[in-house]
Amino acid sequence: MKAFIKKELFHIFRDYRTMLILFGMPVVQVLIFGYAITNEIKDAKVAILDQSGDVLSSRFVSKLTASGYFEVDRTLDHPSQIEPAFREGRVKQVIVIPSGFGTDFGLQKQVTIQILGDASDPNTANMLKTYTMAILNDFQMQELGKQSLPVDVKVEPLMFYNPELKGVYMFVPGTMAIILMLVSAMMTSISIAREKELGTMEVLLVSPLRPWQIIIGKVIPYVALSFINALLILSLGWFVFGVPIIGSKGFLLIEVLLFIIMSLSLGIFISTISPTQQVAMLLSMFALMLPTILLSGFIFPVENMPTVLQWLSNLMPSRWFIIIVRDIMLKGSGIAYLWKETMIIFGMTLFFIGLSIVNFKLRLD
Amino acid sequence: MPASQNKIIVVENLVKKFGNFIANDHLSFDVSKGEIFGFLGANGAGKTTAMKILCGLSHPTSGKVTVAGYDIYTQTEKIKRSIGYMSQKFSLYEDLTVYENFRFYGGIYGLSRSEIHSQTEILLSQLDLSDYKNRVIKTLPLGWKQKLAFSVAIIHKPAIVFLDEPTGGVDPITRRQFWDLIYKNAYQGLTVFITTHYMDEAEYCNRLSIMVDGKIKALDTPAALKNRFGCATMQEVFLELARN
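All figures in this text were calculated on a predicted structure; none of them were measured in a lab.

J.: How do you make sense of the pattern of salt bridges when you look at a structure like this?
T.: For side chains of opposite charge, pairing can occur when their charged atoms come near one another. All names here are of chain A. Across all of its chains, the model carries 19 salt bridges over all chains by this definition. With a closest N to O distance of 2.5 Å, R90 and D73 form a salt bridge. Placement of R90 in the loop between α4 (82-88) and β3 (93-97) and of D73 in strand β2 (residues 70-76) is noted, with a sequence separation of 17 residues between them. Overall, R90 belongs to the partly exposed group, its relative accessible area being 45%.

Here you go:
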């Protein structure tokens, strides 16, 4: 067994490409997701068409920019400039302040501010609109607060666990699910399929080693590597993006280990049904990677999917894992809240191990 | 060892069925210690199935089989320790060095570090490849890989070595050298059980069995077989048998 693990490590470390994928990818993915594809708004370019030009309107504009979400790209002089500004593509939103803004406001008359969004990117447009309205509300309260109003209804939304609505937080559990799935399932299935392809599997089966010893020997190095990867992702999240781990770190690591074992058993199962490395690779890519990314709720919220896809997403181990990791990290939940998800992953592990054993027996017979 | 001291493999009425298909139909034969036993047959004649059963990779449907004195049904583990196996793909790890391959295979047979070391030295010097100990397998020519695969298969000093079409894709000269290697080891008492497609190789065996459609159609020394069928070469004997 010891000889086996050593040999397997030699395989991994001697293949620079595998090494690069193993350790480069988690870093790159976390950084890409963390920096680039976040869906939070930061320094969005806006144009201001200020037809009023009084003290109040400039106070509003400076409040807008002070929020950090917006950056005034330019000020327009005439409504005819709005379209060209959008066409250029830099400006995501135009805010039109009507003339007499300050005076009307002072007289407590109805004031209308027009928000024009670039809906060619509807998500961003929508989010920018929401942000602007929130700032506007805030501004209104502030200004009116100086005078007294008879009735004052305030809505105060409070975002729990992730008060700044930071996208990065979601990406850490998501990336972890993808990477662990990839490393554990894909790498093991390929490496077992390689033994079959080279004919070394036959030799191993003829040897006194029992099949379970062969499998364990092959799998242990990948457990270790996946675990290192998980730690790498968590610490990247912590040090680079400041993602907290509120819950028990020990519990989190146990769940990570469980998910790794689940992915490995899935990888073993894939290898029992694929005769060559290529088949194993394709199966892992299409059967694992894409659903993991698309259906797990990592990128698209499960609640927004059509019902059929919601059912399908229940079958994705990563969906449950993402819930577990997110809840432990951001809410500090313990086993009392997460036993259901844990049991599901545990059940899936047993299921894949069972399937692999059945498949293996069939082949030997 | 029980009963027949000299018989290292004894097969009586071995039957293997896959559903309705009978791959091995009442095979009976035995192999003596130190013998080079050739197992011939067209593709699909059932020789691979029989060999898998002897190696413990597959279970027989019925029949009595002992390998190295151990029963195939109950003492599989002991059988596995006394046999070596070389597959037709030469089954070495391409990205490991020669020595690492020896060390790995020695390791899975439970050899100690010093045993592995001394065995590797002996086997490599036998091949004149001691200087290439630290070369990565994939940089070596096919003929060398073949010989190394054979050496790796006997690193744990098995009583019997099973060679599954070990000379596929190799040129005649290299094949000839490979047979020299087999002879050298058989002379030292190793029993060699070999399947092959090459009829010139069949002539090198001490005894041959020729399988057709799951049955053993002939079993004797190459000379006796040629005599019986009145043929000049094994090639003709084989075709004669396959035709009927």
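J.: Honestly, the sheet that holds strand β1 (residues 44-50) of chain A in this entry has me stumped. Any pointers?
T.: Where strands meet in a sheet, backbone hydrogen bonds hold them as pairs that are either parallel or antiparallel. Residues and elements named next belong to chain A. Reading across from one edge, β2-β1-β3-β4 is the order of the four strands in this open sheet, with mixed pairing throughout. A single partner strand is all that each edge strand has here, and the edge strands are β2 and β4 (114-117). Neighbour-to-neighbour, the strand axes of the sheet open up by a mean angle of 25°, direction not taken into account. Relative to β3, β1 runs parallel, the two sharing five bridges. From the neighbouring strand, L49 faces β3, where its bridge partner is V96.

J.: Please explain the domain arrangement of chain A as it appears in this structure.
T.: The figure often quoted for interface size is the accessible area lost as the parts come together. We note that the domain assignment places domain 1 (2-37 + 166-364) and domain 2 (44-145) within chain A. Just the C-alpha atoms count here: the centres of domain 1 of chain A and domain 2 of chain A sit 47 Å apart.

J.: Honestly, the packing of aromatic side chains in this entry has me stumped. Any pointers?
T.: Given two aromatic rings, one states the distance between the centres and the angle between the planes to describe the pair. On inspection of all chains with the given rule, the structure shows 19 aromatic pairs over all chains. Taken together, a centroid distance of 6.1 Å and an interplanar angle of 25° make the contact between B:Y93 and B:Y105 stacked. Taken together, the positions of B:Y93 in the loop between β6 (83-86) and α3 (98-108) and B:Y105 in helix α3 put the pair 12 residues apart, joining distant regions of the chain. Like B:Y93, the residue B:Y105 is buried in the burial classification. An aromatic cluster of at least three residues, connected via ring pairs, comprises B:F29, B:F37, B:F39, B:F162 and B:F193. Over the ring of A:W320 we find A:R319, and its NZ or CZ is 4.8 Å from the ring centre.

J.: I would appreciate a short explanation of α3(B) in the present structure.
T.: Because each turn of an α-helix spans 3.6 residues, side chains separated by three or four positions in sequence point in the same direction. When you tally the buried positions in α3(B), you get nine out of 11 residues, the bulk of the element. Buried residues of α3(B): B:V98, B:Y99, B:E100, B:N101, B:F102, B:F104, B:Y105, B:G106 and B:I108, and no others. Tucked inside the fold, the buried residues of α3(B) contact α1 (2-14) and α8 (200-206) of chain A together with α4 (113-127) and α5 (142-153) of chain B. B:G110 sits one or two positions beyond α3(B) and adopts a positive phi of about 75°.

J.: Please explain the nonpolar core as it appears in this structure.
T.: One broad trend across soluble globular proteins is that nonpolar side chains are buried collectively. Ranked by size, the top nonpolar core spans 148 residues in total, and within it B:L148, B:F150, B:F162 and B:F193 carry the most contacts. Excluding residues within four positions of it along the chain, B:F162 makes contact with B:I9, B:M51, B:L54, B:C55, B:I83, B:G84, B:Y85, B:M86 and B:F193. Listed in part, the 18 residues of the second largest apolar core include A:A44, A:F60, A:I97 and A:L128.

J.: Is there a simple way to explain the environment of B:L140 in this structure?
T.: Residues and elements named next belong to chain B. Structurally, L140 can be placed in the loop between α4 and α5. For the pair L140 and I108, spaced 32 residues apart in the sequence, the C-alpha separation amounts to 24 Å. Filtering out sequence-adjacent residues up to four positions away, L140 remains in contact with V98, R135, K145 and L148.

J.: I would appreciate a short explanation of the interface of chain A and chain B in the present structure.
T.: Contact with chain A, which involves 24 residues of that partner, is made by 27 residues of chain B. Both faces considered, chain A and chain B share a buried interface measuring about 2500 Å² in area, 62% of it formed by carbon and sulfur atoms. For the chain A face of the interface with chain B, the top three residues by lost area are A:V203, A:V206 and A:P208, together amounting to 26%. In this assembly, chain A and chain B are joined by zero salt bridges. Remark: the boundary between chain A and chain B carries three residue pairs in polar contact (both at pLDDT 80 or more). Going through the elements one at a time, α1, α7 (168-198) and α8 of chain A are the ones with two or more residues in the side of chain A that touches chain B. When residues of the side of chain A that touches chain B are assigned to their parent elements, the largest contribution, seven residues, is made by α1(A).

J.: Where do I start with the environment of A:D104 in this structure?
T.: Residues and elements named next belong to chain A. Mapped onto the elements, D104 comes out in helix α5 (residues 101-106). By relative accessible area, which is 21% here, D104 ends up partly exposed. For D104, the contacting residues outside a window of four places in its chain are K109 and V111.

J.: Can you help me understand the sheet that holds strand β1 (residues 7-18) of chain B in this one?
T.: Residues and elements named next belong to chain B. With antiparallel pairing, four strands are arranged side by side in an open sheet as β2-β1-β4-β5. In the strand order of this sheet, the two ends are held by β2 (21-32) and β5 (70-71), each with one partner. Note: β1 against strand β4 (residues 62-67), five bridges, orientation antiparallel. Within the sheet, the bridge partner assigned to V11 lies in β4 and is V65.

J.: Whenever I open this one, the confidence of the model for chain A confuses me. Can you help?
T.: Regions with low pLDDT should not have their predicted coordinates read in detail. Overall, the prediction assigns chain A a mean pLDDT of 80, with 89% of residues at 70 or greater. Looking over chain A, one finds the lowest element-wise mean pLDDT in α1(A), namely 75, and the highest in helix α10 (residues 249-273) of chain A, namely 90.

J.: Sorry, what's going on with the pairing of strand β10 (residues 215-220) of chain B here?
T.: If a strand is regular, its side chains alternate between the two faces of the sheet. All names here are of chain B. Bridge analysis of strand β9 (residues 207-212) against β10 gives five bridges, and the strand direction is antiparallel. By the bridge assignment for β10, M211 is matched with I216. Between the antiparallel neighbours β9 and β10 lie two residues, among them D213 with a positive phi of about 50°.

Parameters at a glance
Every residue gets a number counted from 1 within its own chain, in the order that chain's sequence is written. Both sets of labels track the order of writing: A upward for chains, 1 upward for ligands. Owing to the predicted nature of the model, reporting of local features is limited to residues with pLDDT of at least 70; listing and counting of side-chain atom pairs is limited to 80 or more, with chain, interface and lining totals taken over all residues. By convention in this description, side-chain values take in all heavy atoms of the structure and omit both hydrogens and water. For this document, the term salt bridge refers to a Lys or Arg side-chain nitrogen within 4 Å of an Asp or Glu carboxyl oxygen. Going along the chain from the N terminus, every DSSP run of H or I of four or more residues is numbered as a helix, and every run of E of two or more is numbered as a strand. Three labels apply to residues, based on accessible area from a 1.4 Å probe with only protein chains included: buried if under 20% of the type maximum, exposed if over 50%, partly exposed otherwise in between. By definition, two strands form a pair when at least two bridges between them are found by DSSP. Lines fitted to C-alpha atoms define the axes here, with helix axes fitted over just the stretch in contact, and angles between the N-to-C directions of these axes take values from 0 to 180 degrees. Each domain span listed reflects an automatic or database assignment of domains. Each aromatic pair joins two rings of Phe, Tyr and Trp (for Trp, the six-membered one) with centres within 6.5 Å, and gets the label stacked for planes under 30 degrees apart, edge-to-face for over 60, and tilted for any other angle. Either the NZ atom of lysine or the CZ atom of arginine qualifies as a charge over a ring when it sits within 6 Å of the ring centre and within 35 degrees of the ring normal. A contact between two residues is defined here by any heavy atoms of the two lying within 4.5 Å. By nonpolar core is meant a set of buried Ala, Val, Leu, Ile, Met, Phe, Trp, Tyr and Cys residues that side-chain atoms within 4.5 Å join together. Accessible area that two parts lose when put together, with a 1.4 Å probe and added across both, is what the buried area reports. What qualifies as a polar contact is a pair of N or O atoms within 3.5 Å, subject to a donor-acceptor requirement within protein and to the restriction that residues adjacent in sequence count only when both atoms come from side chains. Every residue carries a pLDDT, the predictor's confidence in it, which falls somewhere between 0 and 100.

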